[in-house]
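Now for the letters of each chain:
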Amino acid sequence: MNYFPDEVIEHVFHFVNSNKDRNSISLVCKLWYRIERFSRSSVLVGNCYAISPERVIARFPCLKSLFLKGKPHFADFNLVPEDWGGYVYPWIKCLEKNRSKLEELRLKRMIVTDDSLELIAKSFSNFKSLVLVSCERFTTDGLAAIAANCRYLRELDLQENEIEDHRGQWLNCFSECCTSLVALNFACLKGDINLAALERLVARSPNLKSLKLNRTVPVETLHRILVQAPQLVDIGVGSFVCDPESETFFKLTALLQKRQSVRSLSGFFEMTLYSVPAIYPVFPNLISLNLSYAPAFPGEELIKILQLCRKLQKLWVLNCIGDKGLKIVAHSCKELQELRVFPSGDGDGNATVTEEGLVAISSGCPKLNSLLYFCEQMTNAALITVARNCPNFIRFRLCILDPTKPDATTLKPLDEGFGAIVQACKGLRRLSISGRLTDQVFQYIGMHAKNLEMLSVAFAGDSDKGMLHVLNGCEKLNKLEIWNCPYGDGALLNNVRKYETMRSLWMSSCNVSMGGCRMLAKSMPQLNVEVINEYGFLNRDGDDGQLVDKLFVYRTLVGPRMDAPDFVWTL
Amino acid sequence: MTPPLLGVGEECQSNVTLPSSSASLKASSKNLELHERNYMMGLFGCPTIKGPAAAGVFGDCKSNLNLKATELRLGLPGSQSPDRGVDLSSGEPDEKLLFPLHPSNNSHSGNKRGFADAMNTNGASEGKFMANSDVKAMLSPRSGTNIGQKSQPGLESAGPKAPRGVEGATLQVTQEQPSSGIKESRAAGTPAPKAQVVGWPPIRSYRKNSLAATSKNVEEVDGKAGAGAVFLKVSMDGAPYLRKVDLRNYSAYQELSSSLEKMFSCFIIGQYGTNGARGKEKQGDNMPKDAMDGTDYVLTYEDKDGDWMLVGDVPWEMFLDTCRKLRIMKGSDAIGLAPRATDKCKSKN
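What counts, and where the lines are drawn
- Residues numbered from 1 in each chain as written.
- Chains lettered and ligands numbered in written order.
- Predicted model: local features only at pLDDT ≥ 70, side-chain atom pairs only at ≥ 80, totals over all residues.
- Heavy atoms only, no water.
- Helix = DSSP H or I, 4+ residues; strand = E, 2+ residues; numbered from the N terminus.
- Buried < 20%, exposed > 50% of the residue type's maximum accessible area, 1.4 Å probe, protein only.
- Pairing = 2+ DSSP bridges.
- Axes fitted to C-alpha atoms, helices over the stretch in contact; angles between N-to-C directions.
- Phe/Tyr/Trp six-rings, centres within 6.5 Å; stacked < 30°, edge-to-face > 60°.
- Lys NZ or Arg CZ within 6 Å of the ring centre and 35° of its normal.
- Arc of directions from axis to C-beta.
- Contact = heavy atoms within 4.5 Å.
- Patch = residues over 30% accessible without salt bridge, like charges linked within 9 Å, V, L, I, M, F, W, Y side chains within 5 Å.
- Areas by Shrake-Rupley, 256 points an atom, 1.4 Å probe, with all protein chains shown as cover.
- Salt bridge = Lys/Arg side-chain N within 4 Å of Asp/Glu carboxyl O.

**Student:** I'm lost on the environment of C177 of chain A in this one. Help?
**Tutor:** All names here are of chain A. Within the secondary structure layout, C177 lies in the loop between strand 7 (162–164) and strand 8 (183–185). The exposure class assigned to C177 is partly exposed, which follows from its relative accessible area of 46%. Separated by 25 residues in sequence, C177 and Y152 have C-alpha atoms that sit 8.8 Å apart.

What follows is the structure, given as structure tokens:
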């Protein structure tokens, strides 16, 4: 291949899009490294502190699309204190300084201020796509800046962010010449928006395929929008409170009967049972349905809906669907690939799900490859059956609401069950385990889960051996997060070189001590060993024996970060 | 070695030393703190957290619970006793009086589960996510201020509540919800760690907050599990305007019928006033009945298919499901239905 001119090689690289493959290409030789870096347009930085923005831009000057991840995953569950970090502003500033032609920015678990949004809006004239997932610290003023300045905006996708809503008129700020919108998702906003402005925006966006409304948009507006935008494929219906007597109800039903193109629904924040029949015509064509934010309905009602969804591939529901509901899903939704069952908050007599529901789904839906399942109880027998029925799992996350509950029938630990899962599912990349678990389950994981990239563990294991099985056995391990397990310095220090091959390690409420952390930091200078002294009980220069409650270890090319707050110590 | 999180332990202790009160609310919330303290000590105080030890911690909770369960009997009238799960029928009338939940509501089974679990295993609880957030306020002084700043809708507590910790949170949670008795007893009947530990269950805080907000809304609106009120139009022939009724308020046809009679009585009186036929101005149930006798009013409804049906043929639940509109027809209009209507009126006599 080296006989070809550079342009040809570059042309070939153009067809290689996966980041992993591109990374591999760049390691072949200096020539390929050089060619690859100039042709790379999309970069994923899985840990924003592993590298500095300057170095990223220096290496990839033609960068057009950037995906940054900030806080550790457990920040989702309030385990990472406020102000830990993950600021996006330095990245934007650096990109702006280097006159980057950034077009797409995707951020997950980062702190995004209005200043950052304004800077994005003003610095990148060709900016097309902003996706913010689980971010915080910005307000609708920042959104207004984006709307006003990004003429060619195609995508504004806000997923589960904490946004301070100033109830300003941010939606009005979309200029009249902005006609390129393809996707708009503001479902997580809490405040009112200007409905007329929304309708006008939809009317002048002929390419709009995905629109997700927030809970303040009334169903009449939804109807008018649907009339204006027959090309919509993915709809977040907002509150969906629709009086079955009203004209809107009938108009909506009539309209949707003709709309065969809708493939994905979400929202339903305040849906009442009687409103649902208005959208019955849509269900048979649905590929994706998210009812996880709907009020907790009795399972029987959900069953009526789900029986219609014969083509469903992705389903997110609350556990009030019950085992009975899941059996219906298993019967009706043969194409199901991804299922998430969330807890509904107050089990006020609503049914919940158990191992029966999961077994039913596994036998009815052989294509299932991604699962997040919050349940009352589980058994080894059930997990063994599930493993046999569905060997294609890529993501398997099981959360028993009582974190140390054993097998519900035999009262044994759930080691055998999860062992069966890792043994059968050769392609398993992500695993979360719960329930009563001993070191045995980790032995199974270390032995069989050769493709495992991310493991989340809580309240499990008996000794350091558990963690060691995983560190030594899982070759592709990338992220390990542990909470409330009896692992100490022995486990932490046994295989320190492993952490270099991983993105990060999180350990909280375990048995690691300051001494262990110091030792780790000393022997592995290319890691940042962050001790998070949230409650202020640790003494930085004190005793080695102090127990460290929160530890975050990650590999980095740029040493200790400069923006760490005073309760985070990089040893 | 400095015992970590000593402050947490202290805070827990300060919560535990409440002034002893006979109110079961306080007693139960004390239970919760005790459980929580045990659990927290297990988490942070013990140098080695082994599986069996953890189970031991839960075991402690369990034994505490069994004792405390009896205390609940002193509490609210009609509140559940430990063997409530067995004895549903006798408990029901009280339930209905106190709690706006529909009698056939599965809340009984939910409660039963709570206790059974407390007795047998380490139980499952749907968790109290609001309390969870409040616990966070207690545990993390730094984060506690954050709650105040963020002003999330689901969270009851702002900064000021933080020092009061779980006790304040628990009281607040139980007072807010109509089914407080059930929640209280179930809460005390399940191991505390489930519901009140930061980070568990592992749901994104955004989702947790919005769940809390939704469940609050639903319960405030109608106190029933799940669906909201269902308002249907009721028209009456000859009346100048229509009314709306919420079918969920009734549990049988008789209730609906008498309520409609009361609602439309003014029109019937008016009619007779102008006609001068009877000139009665009686109040209460008698008058409408007599009026119905005289002019053969028939209650009909329009169903899902658009057909007008006579009210009363199908079971109440099915009626709720299929009814779209109500209409009080004059007997003379309801030609096909008239014979039945006459019979109905006769049976009323």
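**Student:** Explanation requested: the sheet that holds strand 4 (residues 308–310) of chain B in the structure shown.
**Tutor:** In any sheet, the strands associate via hydrogen bonds between backbone groups, in a parallel or an antiparallel arrangement. All names here are of chain B. Ordered by their spatial adjacency, 5 strands build an open sheet running 2-1-5-3-4, and the pairing between neighbours is mixed. A strand with exactly one partner marks an edge of an open sheet, and here the two such strands are strand 2 (243–246) and strand 4. Averaged over all pairs of adjacent strands, the angle between their axes in this sheet comes to 35°, without regard to strand direction. Relative to strand 2, strand 1 (residues 231–236) is paired through 4 bridges, and the arrangement is antiparallel. Its bridge partner lying in strand 2, V234 is registered against R243.

**Student:** It is not clear to me how the packing of aromatic side chains should be interpreted in this structure. Could you clarify?
**Tutor:** Aromatic ring pairs are reported here in terms of the distance separating the ring centres and the angle at which the planes meet. A complete count under the given rule lists 28 aromatic pairs over all chains for this structure. Consider the rings of F240 of chain A and F268 of chain A, whose centres lie 6.0 Å apart with planes at 70°: the pair is edge-to-face. Here the residue F240 of chain A occupies a position in the loop between strand 10 (234–237) and helix 10 (247–258), and F268 of chain A occupies one in the loop between strand 11 (264–266) and strand 12 (288–290), the gap between them amounting to 28 residues. Relative accessible area serves as the criterion here: at 1%, F240 of chain A is assigned to the buried category. When the centroid spacing of 5.5 Å and the interplanar angle of 90° are considered together, the rings of F459 of chain A and W200 of chain B count as edge-to-face. Remark: W200 of chain B occurs in the loop between helix 10 (192–196) and helix 11 (205–222) and F459 of chain A occurs in the loop between strand 18 (454–458) and helix 17 (464–473); the pair is interchain, linking two chains. Assigned by exposure class, F459 of chain A and W200 of chain B land together as buried. Taken together, the aromatic side chains of Y49, F74, F77, W84, W506, F552 and Y554 of chain A make up a single cluster linked through ring pairs. A cation over an aromatic ring shows up here: R561 of chain A above the ring of Y49 of chain A, its NZ or CZ 4.4 Å from the ring centre.

**Student:** Is there a simple way to explain helix 5 (residues 89–97) of chain A in this structure?
**Tutor:** Residues and elements named next belong to chain A. Of the residues making up helix 5, those classed as buried are W91, I92, C94 and L95. All buried residues of helix 5 fall inside an arc of 165° around its axis, so they share one side. Buried residues in helix 5 make contact with strand 1 (42–45), helix 4 (53–59), strand 2 (65–69), strand 3 (104–108) and helix 6 (114–123). Downstream of helix 5 by one or two residues, R99 has phi in the positive range, about 50°.

**Student:** Could you clarify how one ought to interpret a nonpolar patch on the surface in this entry?
**Tutor:** Residues and elements named next belong to chain A. A grouping of F4, V8 and V12 is seen on the molecular surface, where their side chains present a nonpolar patch of about 230 Å² in accessible area. Structurally, V12 can be placed in helix 1 (residues 6–13). Note on V12: relative accessible area 35%, which makes it partly exposed.

**Student:** What am I meant to see in the pairing of strand 21 (residues 527–532) of chain A here?
**Tutor:** Looking down a regular strand, the side chains alternate between one sheet face and the other. Residues and elements named next belong to chain A. Where burial is concerned, most of strand 21 is hidden: 6 out of the 6 residues are buried. Here strand 21 shows no split at all, with L527, V529 and V531 on one side and N528, E530 and I532 on the other all buried. As judged from the 5 bridges shared by strand 21 and strand 22 (residues 550–555), these two strands associate in the antiparallel manner. Paired with V529 across the bridge in strand 22 is V553. The pairing of strand 21 with strand 23 (residues 568–570) spans 3 bridges and is antiparallel.

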